[in-house]
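Structural features, examined
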Amino acid sequence: GVQDKILFIFNNISQDNINQKAEEWLEIVEQQFYPWAAQYLVTERVCIEPNFHQLYLQFVETLNTKEYASQVLTETYANIKNLLKSPSMNASNTSEKTYLKNLGSFLGLYTLGRNKPILQIDLDLKSLV
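Quick look at the structure, then.

Time to look at the packing of helix α1 (residues 2-12) against helix α2 (residues 18-28). Following both chains from N to C, one finds α1 and α2 inclined at 170°, their axes separated by 10 Å at the closest point. In terms of axis orientation, α1 runs roughly antiparallel to α2. Note on element contacts: α2 touches α1 through Lys 21, Glu 24, Trp 25 and Ile 28, opposite Val 2, Lys 5, Ile 6, Phe 8, Ile 9, Phe 10 and Asn 12. Broken down by class, the residue content of the contact of α1 with α2 amounts to 7 nonpolar, 1 polar and 3 charged.

Here it is, written out as structure tokens:
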């Protein structure tokens with residue numbers, strides 16, 4: 001169904017076809033699928049594909065859908081918070097640390113890179129020190 005089509009779009013997106021893929025997305029993805037699609041983008045793509053962060057960010061911007069963009073940001077914050085609270089983060093779990101690094105990089109591009117602040121209410125960085 002719709003989830004398979006979303007996976008197909010993310011598997012085939014490139015700089016050359018980003019507008020076409022955005023049009024396809026808007027035709028098939030209803031707002032009820034935004035939470036799932038945002039979770040998929042953040043947990044299955046952003047966490048493990050740092051080379052495509054700019055492409056994913058550009059795709060979200062091309063969609064020009066505030067609701068989905070907001071959902072992606074919310075999902076990014078939620079995953080960062082979960083990883084920071086994880087007891088295995090203090091151990092030598094390198095995959096979780098890599099995920100956190102990649103999420104932080106994406107969050108930086110998404111917020112600070114676009115002159116948008118990271119608000120304390122979203123991510124309390126002071127509490128980490």
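Scanning the entire structure with this criterion turns up 3 salt bridges. Of the charged contacts, one joins Lys 21 and Glu 24 as a salt bridge, the two residues approaching to 3.7 Å between their closest N and O atoms. On the criterion of helical spacing, the pair formed by Lys 21 and Glu 24 is a turn pair, its members being 3 residues apart in helix α2. For Glu 24, a relative accessible area of 25% corresponds to the partly exposed category. Residues Glu 49 and Arg 45 are paired through a salt bridge, measuring 3.5 Å at the closest nitrogen-oxygen approach.

Once that is clear, we can look at the packing of helix α3 (residues 34-46) against helix α4 (residues 53-63). Taken N-terminus to C-terminus, the directions of α3 and α4 make an angle of 170°; their axes are 12 Å apart at the nearest point. Put simply, α3 runs roughly antiparallel to α4. The handedness of the crossing between α3 and α4 comes out as right-handed. Residue-level contacts link Leu 41, Arg 45 and Val 46 of α3 to His 53, Tyr 56 and Val 60 of α4. Residue composition of the contact of α3 with α4, by class: 4 nonpolar, 1 polar and 1 charged.

Along α4, the residues that are buried comprise His 53, Leu 55, Tyr 56, Leu 57, Phe 59, Val 60 and Leu 63. Within two residues after α4, Asn 64 carries a phi angle of roughly 55°, on the positive side.

Now for the side chain of Asn 17. The residue Asn 17 is located in the loop between α1 and α2 in this model. You can call Asn 17 buried: its relative accessible area is 16%. Within the local environment of Asn 17, its side chain forms a polar contact with the backbone oxygen of Asn 12, the two atoms lying 2.9 Å apart.

The next subject is the packing of aromatic side chains. Aromatic rings considered in pairs are described by the distance between their centres and by the relative angle of their planes. Applying the stated criterion across every chain yields a total of 10 aromatic pairs. Relative to Trp 25, the ring of Phe 10 has its centre 5.8 Å away and its plane inclined at 75°; by these criteria the two rings are edge-to-face. Taken as a pair, Phe 10 in helix α1 and Trp 25 in helix α2 lie far apart in primary sequence, 15 residues in all. Residue classification places Trp 25 among the buried residues on the basis of a relative accessible area of 0%. Where Trp 36 meets Tyr 40, the ring centres are 5.6 Å apart and the plane angle is 10°; that geometry is what we call stacked. Pair noted here: Trp 36 and Tyr 40 are both in helix α3, with a separation of 4 residues, about one helical turn. Under the relative-accessibility criterion, Tyr 40 is labelled buried at 13%. One aromatic cluster in this structure is built from Phe 10, Trp 25, Tyr 34, Trp 36, Tyr 40, Phe 52, Tyr 56, Phe 59 and Tyr 68.

The rules behind these values
Residues numbered from 1 in each chain as written. Predicted model: local features only at pLDDT ≥ 70, side-chain atom pairs only at ≥ 80, totals over all residues. Heavy atoms only, no water. Axes fitted to C-alpha atoms, helices over the stretch in contact; angles between N-to-C directions. Helix = DSSP H or I, 4+ residues; strand = E, 2+ residues; numbered from the N terminus. Parallel < 35°, antiparallel > 145°, perpendicular 65-115°, else oblique. Contact = heavy atoms within 4.5 Å. Nonpolar A, V, L, I, M, F, W, Y, C, P; charged D, E, K, R; others polar. Salt bridge = Lys/Arg side-chain N within 4 Å of Asp/Glu carboxyl O. Buried < 20%, exposed > 50% of the residue type's maximum accessible area, 1.4 Å probe, protein only. Left-handed = near helix turned anticlockwise from the far one by under 90°. Polar contact = N/O pair within 3.5 Å; in protein donor to acceptor, adjacent residues only side chain to side chain. Phe/Tyr/Trp six-rings, centres within 6.5 Å; stacked < 30°, edge-to-face > 60°.

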